[in-house]
Amino acid sequence: MSDETPTSVPPEPLTFSESELFIDCYRLMKRIRMVEERLSALFADGAIPGFIHLSIGQESVPVGVSRHLTNSDTIAITHRGHGQALAKGMDLTPFFAEMMGKQDGICKGRGGSMHIADSSIGMLGANGIVGGGLSIATGSALAHKLDGANHIAVAYFGDGALAEGIFHECLNLSALWSLPCLFVCENNGWGEFSKTDQQFRGNLKKLAKAFGVSYQFVDGIDVGAVTDASESIILAMRKKPHPYVLECKVERFHGHFEGDPQKYREESDLATLEERDPIIYLREKLIRAGIAPAILEDIESRLAQEIEQAVASALAGPNPEFTTAKSEVYAHE
Amino acid sequence: MSDETPTSVPPEPLTFSESELFIDCYRLMKRIRMVEERLSALFADGAIPGFIHLSIGQESVPVGVSRHLTNSDTIAITHRGHGQALAKGMDLTPFFAEMMGKQDGICKGRGGSMHIADSSIGMLGANGIVGGGLSIATGSALAHKLDGANHIAVAYFGDGALAEGIFHECLNLSALWSLPCLFVCENNGWGEFSKTDQQFRGNLKKLAKAFGVSYQFVDGIDVGAVTDASESIILAMRKKPHPYVLECKVERFHGHFEGDPQKYREESDLATLEERDPIIYLREKLIRAGIAPAILEDIESRLAQEIEQAVASALAGPNPEFTTAKSEVYAHE
Amino acid sequence: MRMNSESVRFGQAIGRALADAMIEDDRVILLGEDIAAAGGPFGVTRGLHAQFGSQRVLDFPISEAALVGTALGAALTGYKPVAEIMFMDFCTLAMDALVNQSAKTHFMFGGQNSAPLVVRTPHGGGLNAGAQHSQCLEAWFAHIPGLIVVCPSNSEDAYGLLRAAITDPNPVVFVENKTLYAKKYAFSESQQPISLGSARVARVGKDVTVVTYGGAIHWAEAAAVELAEDEIDCEIIDLRTLQPWDEATVLTSLTKTHRLVILHEAVESFGIGAEIAARMADIGFDELDAPIRRIGAPYTPVPYSPALESEYAPSAAKVTASVKEIVL
Amino acid sequence: MRMNSESVRFGQAIGRALADAMIEDDRVILLGEDIAAAGGPFGVTRGLHAQFGSQRVLDFPISEAALVGTALGAALTGYKPVAEIMFMDFCTLAMDALVNQSAKTHFMFGGQNSAPLVVRTPHGGGLNAGAQHSQCLEAWFAHIPGLIVVCPSNSEDAYGLLRAAITDPNPVVFVENKTLYAKKYAFSESQQPISLGSARVARVGKDVTVVTYGGAIHWAEAAAVELAEDEIDCEIIDLRTLQPWDEATVLTSLTKTHRLVILHEAVESFGIGAEIAARMADIGFDELDAPIRRIGAPYTPVPYSPALESEYAPSAAKVTASVKEIVL
Ligand SMILES: Cc1ncc(C[n+]2csc(CCOP(=O)(O)OP(=O)(O)O)c2C)c(N)n1
Ligand SMILES: Cc1ncc(C[n+]2csc(CCOP(=O)(O)OP(=O)(O)O)c2C)c(N)n1
Ligand SMILES: [Mg+2]
Ligand SMILES: [Mg+2]
């Protein structure tokens, strides 16, 4: 689908300020990873109902992008959006509580994994409809442009969504009106149980260019590359509103949803996933750069503690009441 | 929207066989023109209800394309589809009767101008939905491919339809499955009352290429160019099924619909339309090539007669009965 | 608010409501195909682009799905968009944004935000525009929790309801019968928003309740005049809002007349009238002295030919006949 | 036709109907997302790709609008496509092809051709899949002249109705309740197509008629068992086809029981039940001894949390309560 093939650059030494940055990234990526691993276990235990789609292996993308966003910037996220939400700043307890369908969930238990939203941080909402967030982000970008306040909107979408006509409509509109919308494609090569190249024959770079929309490819194994690319893209978008397509090559480590045994996937593909793990990649980079493993282990143990607390407090919370929910179908002035 | 700008080549002498071909084209283009001029008058007189959209100025496109189609090839046409239908071979009397909402109309008066169809000649139907025929033609191309019988499907569409997401979906699908679908864009520069460049920022050539779909531009002033281009395109498609985008630059001489005073159009634009008339262009070419004007006038007078007969017999026909119509909502085995 | 007591066309009243809403709140923006300089296919937005400029009246590409999705995104980011879908038939292209996204935003995200957008769209036949430009699809939207559905029948109501719809924090589908656009109605000074969900008793009567909305009210009114000659006194209720609809007003009327006829232009089967009838056959059962009759379009696509469409459409005569069947 | 008298899962019965239809007529092709090697998200098409190959079982890109439009184009060119829309909620993306195109083809083009396609799609909740993966939108389609709407409640009906739907020359929306897929039902030898438009009396009774369809029938049956203990004898009618629905069978039952309850999983307001109730409040008025009660989902989007969804969904208890209100 894209011209470029992902490259696997060996880690290099870091400057001190780089290592600060990368430790931050490490913390956030690891946080997402550990949260999702916890979700996976909770799901297996039956503590989480419905469908959950984990972004394990893809954490570098939202972490790299969100570094450059404020709460006034808006994002629309996907069904595989836990990382996108957490990287934007969603709190853990209401996050876990939502997954569990609890009253203290960020959406009072009415949304679940596919429908998390946090308007306090500009997170417009996850979407159970493939491509469903694209036009919402585009409209949010229109609002930012009309406001004239240099905020931007981000539309996360998967490579599967490329086949939906709405993508075309949104590319056109954002090009036509120079809307500050960053289209971030998390290209994991799969749409459910099918390879995307069996579903989509377009070349994303050429497609963007056909609308005069700038495009950049980054290999998501390297959060540094994502960060750098997003930084310059977003800076330019703030200076002068315009759309941009950022394609990030990543791997989907787990099944399409939890419980999917991935029988359709080659053994060899699954076996080599680790080589494409952005967290292992960054960890090695940090270690080589002289960061003491203990620092990273400390981060991990703090995260573990934070997560356990969040899970415990989410689990302890009450279930929602249907009568309350029913009274909130409509907003009141 | 397209890279190329239309060129206005002066007519050149013709060989004998060329002149045969061009006289044929002239007859068919003129037929469409005269039919539509008659419709315009009938509409002004109140003999035709509803909305009609005339293709005056655009006749070269369907005439050039349809030369290479048989009744087994299928076409889906637009709201501005009279020429597309007539070029494929629709008879005049049921055509006029349909416009008038008569029982003898090709659709028994239930469709009207926006919904003519003639399944006996592979004309799948006109569409009141912009872009509505694209996926129908794509599906018909799928059927042809499964049949393995070298037939093709043609999707006519306007430049306005480029903004609809369904176009993207159909380009992708036909590329992915190598479907013998010819996408013919009648680019008249307008979508209703707005210029298409105010609505669509994509470049059609690049868009097609982004899906690996071949593309060709022709200036519709020259039916010869349309004929030549379609011939080689369609031949190749029959040999080995694949999609193709053919963009034809034409002008819309009348309003969006009959009765539209076109106040939104520059005087100068309207004043120079004649220079872009494919019929005048061809007539001059024929005259210069030594065809006696009397031959053309003879064609015209025969056409006039044919048209008047069709109009008279359509007008004389009965109105449809609602009880009959109501019994045909569902097909019976 | 205006100081007129003139008569104003239905389409113009909508234009005024848009203008006044835009003056009052600069978060109100308009999005639609050919609505700016061209003024919309029915002239409803004529003049607004000149008055408010390209930042507030935006000509949208022919992309209905993105149109409503964009309106929603802007609504979630502080604006109050009013999107126009040129013909209600084209809503088919925008159902995801309306039904899966806008309608569910408030509830599904736990009440964090709301989706204050309006989708205006003309429905109905009478123009021989054929099966893809004449449909009345309001029943679809009334079935979707989270949406509000409005359908006015005259200029004052159009104005007042649209003002209310724009102010409302929820997504509203605002349906305009296209044969009304050019009709003139009294338009009194100092128009106010009309609260959504309240019906209007358009004619007081005692023998039978005729519930209707939108353009169909004229058939009901004509029938009432005819029936009065036979000493049958119709009460006509104009629902105005179809979801939530004013159950109390309908029930009150039924309690007086004990007979119910429901009329709309949409296809009768599975139309708006089905819900009204079903509800009254439950909560109003003891009041009913006769079968509930419905008059709507027959179960066929809208035909093109005038000879067909005139028989297809409901009419005063059909109302008169139905009423007589249950009153006499 | 098969020679089994075993019990067969609902999803499997659908798979068998597809296979048998494909064997019988090689114009039958399947189109859908992940239906080929993957066998569909609920396993319904498992094995068909292996059996019939890539020319007849086609994995479609994630493009629902093109999916149904393509099916229509193929139908108009000699095939009998069966398209799968993965969740009924995604029909929102394909409404133009279904409603403006497929439904109108036969009528609008004067009966020249027909559109023999089937759109299979699962509806309903119970999986805590949330507001965008649980909707029951069949009432939309029942409102559209030209479409046929089917919703089976057990394996034999699923088989027989799907066979009929594929043979039928008209576009059929074939709705499958997703909680049924894994359920086993008796499946007798020599299954035949079941003619569309005929309801099934699922339980004979004399005190009250319960009209229902699809997955909801199990709530009706459980309620009937409970009510029998109170000496209330329910007649249960399984509609099977929602458009055209079997008015005669419902009326016959009402003429016996004089009491009517309608049950479905879809939102009650403006749902399928509204039309049944409205119709019976007209043609069955004189037979009615009590208000018509409906049981459907309340007017909210489908909530995610099990704590909420379990209260949201209709239930046997709600049926029992409703029946008692009008029988006692
Ligand atoms: C409109 C729509 N069609 C189909 C689906 C079912 N579905 C859910 S996720 C998915 C694959 C999406 O692939 P991609 O966009 O690449 O996201 P990924 O799951 O790979 O992150 C599909 C087909 C859906 N949710 N919405
Ligand atoms: C889905 C849809 N949106 C809007 C319209 C209204 N409409 C009819 S024709 C038209 C312009 C189409 O432009 P183009 O495709 O270039 O065709 P042209 O009229 O120029 O031949 C529009 C917007 C429609 N019929 N269908
Ligand atoms: Mg993917
Ligand atoms: Mg055009």
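Everything that follows concerns the structure shown earlier in this document.
Residues numbered from 1 in each chain as written. Chains lettered and ligands numbered in written order. Predicted model: local features only at pLDDT ≥ 70, side-chain atom pairs only at ≥ 80, totals over all residues. Heavy atoms only, no water.

Time to look at the coordination of the magnesium ion (ligand 3). All names here are of chain A. Each protein donor to the magnesium ion (ligand 3) is listed here as Asp 159 (OD), Asn 188 (OD1) and Trp 190 (O); together their distances run 2.0 to 2.1 Å. In the primary structure, the donors to the magnesium ion (ligand 3) are separated according to the pattern D-x28-N-x1-W. Linking Asp 159 in the loop between strand 3 (153-158) and helix 6 (165-176) with Asn 188 in the loop between strand 4 (181-187) and strand 5 (190-191), this pair joins segments that are 29 residues apart in sequence. (Donors = N, O, S within 2.8 Å, 3.2 Å for Na, K, Ca; no water. Helix = DSSP H or I, 4+ residues; strand = E, 2+ residues; numbered from the N terminus.)

Before going further, it helps to examine the site of ligand 1. Not every one of the 22 residues close to ligand 1 is listed here, only the nearest: His 79, Arg 80, Asp 159 and Gly 160 of chain A together with Glu 64 of chain D. Near ligand 1, residues from chains A and D are present, making the site a shared one. Val 130 of chain A places a main-chain nitrogen or oxygen 3.0 Å from a nitrogen atom of ligand 1. Take Glu 64 of chain D: an N or O atom from its side chain is 2.5 Å from a nitrogen atom of ligand 1. Relative to its unbound accessible surface of 580 Å², ligand 1 loses 97% to contact with the protein. Its residues assigned to classes, the shell around ligand 1 comprises eight nonpolar, eight polar and six charged. (Near = heavy atom within 4 Å. Polar contact = N/O pair within 3.5 Å; in protein donor to acceptor, adjacent residues only side chain to side chain. Areas by Shrake-Rupley, 256 points an atom, 1.4 Å probe, with all protein chains shown as cover. Nonpolar A, V, L, I, M, F, W, Y, C, P; charged D, E, K, R; others polar.)

Here the focus is the relation of the copies chain C and chain D. Relative to chain D, chain C is turned by 180 degrees and slid 0.0 Å along the rotation axis, the superposed coordinates differing by an RMSD of 0.0 Å. Within this description, the copies of the chain are treated as partners about a two-fold rotation axis. When the interface residues of chain C are mapped onto chain D, 100% of them again lie at the interface, so the same face is used by both copies. (Least-squares fit on C-alpha atoms with pLDDT ≥ 70 in both. Contact = heavy atoms within 4.5 Å.)

A few words on the interface of chain C and chain D. Taken together, the contact between chain C and chain D spans 54 residues of the former and 54 residues of the latter. Of the roughly 4700 Å² buried between chain C and chain D on both sides combined, carbon and sulfur atoms contribute 64%. Counting the surface chain C buries against chain D, the share from its top three residues, Trp 140, His 143 and Phe 270 of chain C, is 18%. Across the chain C-chain D interface, the total number found is 31 residue pairs in polar contact (both at pLDDT 80 or more). Residue assignment for the side of chain C that touches chain D shows that the elements contributing at least two residues are helix 4 (95-108), helix 5 (138-142), strand 12 (241-243), strand 13 (260-267), helix 9 (272-283) and strand 14 (293-297) of chain C. Considered class by class, the residues forming the side of chain C that touches chain D number 33 nonpolar, 11 polar and 10 charged. (Buried area = accessible area lost by both parts, 1.4 Å probe.)

Any link to function would need more than the numbers given here.
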